[in-house]
Every structure is written in structure tokens, then in C-alpha cells.
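# Structure assessment
Take a look at the letters that make up each chain.
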Amino acid sequence: VAPTISNVDSSQSNGTYKSGSDITINIVCSETIALGTTKPVLRLSNNHDVSNPSSSGSTISFVYTILDTHNITDLGINSLRTNGSANSITDQAENAMASSSGAFTGIPLSTSNNSLQSNKNIVIDGVRPTISSITANPSTGNLKADQTVTFTVTCTKSSPTLDGLEAVSYTHLR
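An account of the accompanying structure is given in this report. Remember, predicted model here, so these are calculated numbers, not experimental data.

Reading guide: rules and limits
- Along each chain, residue indices are assigned from 1 in the same order as the chain's sequence is written.
- Residue-level local features of this predicted model are given only where pLDDT is at least 70; pairs of side-chain atoms are given and counted only at 80 or more, and the full residue set underlies all totals for whole chains, interfaces and linings.
- Excluding hydrogens and water, the side-chain values take into account all heavy atoms of the structure.
- Labels follow the DSSP assignment, with helices taken as runs of H or I lasting at least four residues and strands as runs of E lasting at least two, numbered in each case from the N terminus.
- Taken over C-alpha atoms, the radius of gyration is set against a globule rule of 2.2 Å times the number of residues to the power 0.38.
- For each residue, the accessible area found with a 1.4 Å probe, counting protein chains only, is set against the maximum for its type, and the residue is called buried under 20%, exposed over 50%, and partly exposed in between.
- Only residues whose relative accessible area exceeds 30% and that take part in no salt bridge are eligible for patches, with like-charged residues grouped when within 9 Å of each other and nonpolar side chains (Val, Leu, Ile, Met, Phe, Trp, Tyr) grouped when within 5 Å.
- Method for areas: the Shrake-Rupley scheme with a 1.4 Å probe, in which residue coverage is limited to the protein chains shown.
- Whenever a carboxyl oxygen of Asp or Glu lies within 4 Å of a side-chain nitrogen of Lys or Arg, that contact is scored as a salt bridge.
- Any two residues having at least one pair of non-hydrogen atoms within 4.5 Å are treated as being in contact.
- Residues adjacent in sequence count toward polar contacts only when both atoms are side-chain atoms; beyond that, a polar contact is any pair of N or O atoms within 3.5 Å, and within protein one must be able to donate a hydrogen and the other to accept it.
- DSSP-based pairing: two strands are paired if at least 2 bridges between them are found.
- Axis definition: a line fit to C-alpha positions, over the contact stretch in the case of helices; interaxial angles, taken between N-to-C directions, run 0 to 180 degrees.
- The term nonpolar core refers to a set of buried residues drawn from Ala, Val, Leu, Ile, Met, Phe, Trp, Tyr and Cys, joined through side-chain atoms within 4.5 Å.

A few words on the overall build of the chain. For the chain, the helix and strand inventory stands at one helix and 16 strands. Its C-alpha radius of gyration of 24 Å places the chain more than 25% over the 16 Å reference for a compact globule of 174 residues. Along the first, second and third principal axes, the C-alpha set of the chain runs to 85 × 30 × 25 Å. Residues classed as buried in the chain amount to 32% of the 174 residues present.

Now the structure itself:
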């Protein structure tokens, strides 16, 4: 009997992950499996592909590294593709996992039972904030010694690295 997929999960906790973070996605099969020399490719719900999986026992693990511009409110799986070889996932008796049109069948998608989205709430926020404006008050005129100038920096979205920043000292010497 060929192996089937029974569950998709992640070792990461529910939460929001930023650019540079790694998300491990585990595909649990019905029995011990082996990966062939041509490895399967995981297509995520943000249309990014993850390749080079590893396997241990009945689990196939993919590591997704979040890049700048990656963004999705609830990470899920679109497909698990064969990458050109239907024999890229087999059991110990060399029975190949069922596939059709270049994709393995039976992977829990979207919010169906045992899918990544039903098991976890992983938010991907790889879009970095940018500065949209900087204003100064007073904005013109000559400054006197010990006069304060207040700068307001506005970003495209909240940035924890700027939150709580109260003052920056700058001294200009002539």
C-alpha cells in the first residue's frame, strides 16, 4: 500500500513572523517514507516554493525562510509537487505516493482537517516598514543655543524598532 499524507503542521508557535525567520513545515505520512534523489517541492499559499526537504521516519520537513515582500495572513499549502519524479516519496517497499498531473494527491489544503491552516495560525509579514516622511518643528529659521528641534518620523507601518524612541541627540559643531 502506498503512503498517504495524514497531517500538515509546523514546529513554530502561532504568531507573526518577519523577514529572515525560518518556518519548519512538517508533512506527516501514514508510514515510514524515503525521499528519492529528485525531491518534492512544497508550494505555499503565498505562491512561494520550498525545496530541499529532509525526512525522518514518517515526516517530511521543509524549511521556509521568509524573504522581504513575503506577506500572508494565514500560511497554508497550495500543493506538494513531484518535481518531475512520481517516485520522489516512497515507502520502505518502494510504493510511490499517489500523484496526478505532477502533484501528490491527498495533501490537506486550505482549512480542511489536518491542514497547516487548521493546525496553526502563522502570519507572514516580510514587508519591512519604510520612512514615508520626516518633519521638523521648527522647520525654518536660525536656532539658538540649547533650542530644541522636534523631528517627526512617519513610517509606512508600525515598527517595533522605532516604537518608544523618544529622543535622538545630534550636535552640530561649526
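This part covers a nonpolar patch on the surface. Together, I131, I134, F151 and V153 make up a nonpolar patch on the protein surface, roughly 420 Å² of accessible area in all. Elements that contribute at least two residues to the nonpolar patch include exactly strand 15 (131–137) and strand 16 (150–155). Within the secondary structure, F151 sits in strand 16.

Further remarks concern the environment of D125. Examined against the element boundaries, D125 turns out to sit in strand 14 (residues 122–125). The exposure class assigned to D125 is buried, which follows from its relative accessible area of 16%. Not counting residues up to four positions away in its chain, the partners in contact with D125 are T16, Y17, K18, S19, H70, N71 and K157. Of note is the side chain of D125, whose polar atom sits 3.0 Å from the side chain of K18.

It is worth spelling out the sheet that holds strand 7 (residues 54–56) at this point. Spatially, 1-3-8-7 is the arrangement adopted by the four strands of the open sheet, whose pairing is antiparallel. At either margin of the open sheet sits one strand with a lone partner, and together these are strand 1 (5–10) and strand 7. Going from strand to strand, the sheet's axes swing by 25° on average, the running direction of each strand aside. Here strand 3 (residues 22–29) pairs with strand 8 (residues 59–65) via seven bridges, running antiparallel. Its bridge partner being in strand 8, V28 is matched across the sheet by T59.

What follows concerns the nonpolar core. Core analysis: the largest hydrophobic core is formed by 27 residues, its most contacted members being I23, I25, I27, L42, L75 and L80. Elements with a contribution of two residues or more to this core: strand 1, strand 3, strand 4 (33–35), strand 5 (41–44), strand 8, strand 10 (77–81) and strand 14. Residue contributions to this core peak at four residues, all from strand 3. Residues contacting L75, with those up to four places away along its chain left out, are I23, I25, L44, S45, N46, Y64, L116, Q117, I122 and I124.

Take the pattern of salt bridges next. Per the counting criterion, the structure on display carries three salt bridges. For D125, the salt bridge identified is with K18, shortest N-O distance 3.0 Å. You can see D125 sitting in strand 14 and its partner K18 sitting in strand 2 (residues 15–18), a full 107 residues away along the chain. In this structure, D49 engages R43 in a salt bridge whose closest nitrogen and oxygen atoms are separated by 2.5 Å.

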